[in-house]
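# Structural description and commentary
The residues making up each chain are set out below.
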Amino acid sequence: MSRNFVLLLCAIVLTAVIVTGCAPQMQKPLPVCAGKQSAGESLLFLKSNSQNTVPFKAVGQCLASFNIDEKKYNNENFPIKLWVEPPDQLRLQGDIFFNARGIDLGSNPAEFWLSIKPQVGCYWWGLWNDQGFAGRLLIDPKMVLDAAGIVDDNNVQNWSLSNDGPFDILTAQNHTGAVIKKVYVYSCDYRVSKVQYFDADGLLAAVVELDGYREISKDFFVPSVIKIANMNNEKITASFEITLDTIRPIQFTGQQENILFNRPEPKGFKSVLKIIDGRLLRQQ
């Protein structure tokens, strides 16, 4: 074998490595499976799965970017703890701004809350029966509960079903016929891949993407990756990427439930705001 041929062969191999190494990797298209035949059939299947929910605790990380009072917080990376008691009790605490509870998000059957301190010093809260669609908060507890598949939409009047490639798409409308939510379900395993939320004007208000499902008890799967993006005029105004490293079922004691799922009093905050159907009422 001549020296020139060897050099040429090496050049070809090196070029191939450079080209394939630098080129963007194409994602394989998802397999396409037969979806459900009707919205009723799809909802019945999802509802039957949601009946397998159990309380759980999770630990992970959150990468967040958001604006408050015209101040930007970009690529904040912090550990989180999450507790969920189906169907409507949730608590998420983020160790941010040198505070183990710098972000504190929660809900129970009657109300919800979010606080951020010490830099921000804001506390938001509201009653569920005073609300419209999800997406009023930087992180909406309803979206996190939706991600776990454990919330019923009492304000949804009509559902329709369509299909786009590997996804069944459930579209929800309120009593006036306005689209308020779209749920993308991957037809092959029939787990929710994405949820879109729309405001009163029919504009996209928030998107939640779900991935990395894990079975934490028999027939109950929880996504280990939850991406939340709040939107305004098709632009992302805030984003939270939650990665759950550990998810395990747990049985809460009565004392734990009282501590975790009762709304804490807003002490030591610069501003306290009550949310009533999207309107902010300053209380402090």
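Residues numbered from 1 in each chain as written. Predicted model: local features only at pLDDT ≥ 70, side-chain atom pairs only at ≥ 80, totals over all residues. Heavy atoms only, no water.

Looking now at the nonpolar core. In terms of nonpolar packing, the biggest core is built from 54 residues, with Phe56, Phe66, Leu82, Ile116, Trp124 and Phe240 touching the most fellow members. Ranked by residues supplied to this core, first place goes to strand 1 (residues 56–68) with 6 residues. If we ignore the near neighbours within four places in the chain, the residues touching Leu82 are Phe56, Lys57, Ala58, Leu90, Arg91, Leu92, Val144 and Leu244. (Core = buried A, V, L, I, M, F, W, Y, C linked by side-chain atoms within 4.5 Å. Buried < 20%, exposed > 50% of the residue type's maximum accessible area, 1.4 Å probe, protein only. Helix = DSSP H or I, 4+ residues; strand = E, 2+ residues; numbered from the N terminus. Contact = heavy atoms within 4.5 Å.)

Quick look at unusual backbone geometry now. Geometrically, the link from Pro86 to Pro87 is a cis peptide bond, its omega value of 5° lying close to zero. Relative to the assigned elements, Pro87 resides in the loop between strand 2 (71–85) and strand 3 (89–96). Of note, Phe98 is a non-glycine position whose phi angle comes to about 60°, a positive value. Within the element layout of this structure, Phe98 appears in the loop between strand 3 and strand 4 (99–107). Not every positive phi belongs to a glycine, and Asp219 is a case in point at roughly 65°. Relative to the helices and strands, Asp219 resides in the loop between strand 11 (204–217) and strand 12 (220–232).

All right, on to the side chain of Ser107 then. For Ser107, the position within the fold is in strand 4. Classification of Ser107 as buried rests on a relative accessible area of 0%. Reaching out from Ser107, the side chain makes a polar contact with the backbone oxygen of Asp88 at a distance of 3.0 Å. The residues contacting Ser107, other than those within four sequence positions of it, are Asp88, Gln89, Leu90, Phe112, Trp113, Trp128, Pro141, Leu145 and Phe261. (Polar contact = N/O pair within 3.5 Å; in protein donor to acceptor, adjacent residues only side chain to side chain.)

According to the stated counting rule, one finds 1 disulfide in the structure shown. Sulfur-sulfur distance for the disulfide between Cys33 and Cys188 comes to 1.9 Å. Across the S-S bond of Cys33 and Cys188 the torsion is about 90°, and the bridge reads as right-handed. With Cys33 in the loop between helix 1 (3–22) and helix 2 (39–50) and Cys188 in the loop between strand 9 (179–186) and strand 10 (191–198), this residue pair connects regions lying 155 residues apart in the sequence. (Disulfide = S-S within 2.5 Å.)

Overall, the coordinates contain 10 aromatic pairs when judged by the stated rule. For the ring pair Phe252 and Phe261, a centre distance of 5.5 Å and an interplane angle of 90° mean the geometry is edge-to-face. Owing to a relative accessible area of 11%, Phe252 belongs among the buried residues under this scheme. One aromatic cluster is present, built from ring pairs that chain together Phe66, Tyr73, Phe97 and Phe240. We note Lys194 situated over the ring of Tyr184; from NZ or CZ to the ring centre the distance is 4.5 Å. When the ring centre of Trp125 is taken as reference, the NZ or CZ atom of Arg263 above it lies at 3.9 Å. (Phe/Tyr/Trp six-rings, centres within 6.5 Å; stacked < 30°, edge-to-face > 60°. Lys NZ or Arg CZ within 6 Å of the ring centre and 35° of its normal.)

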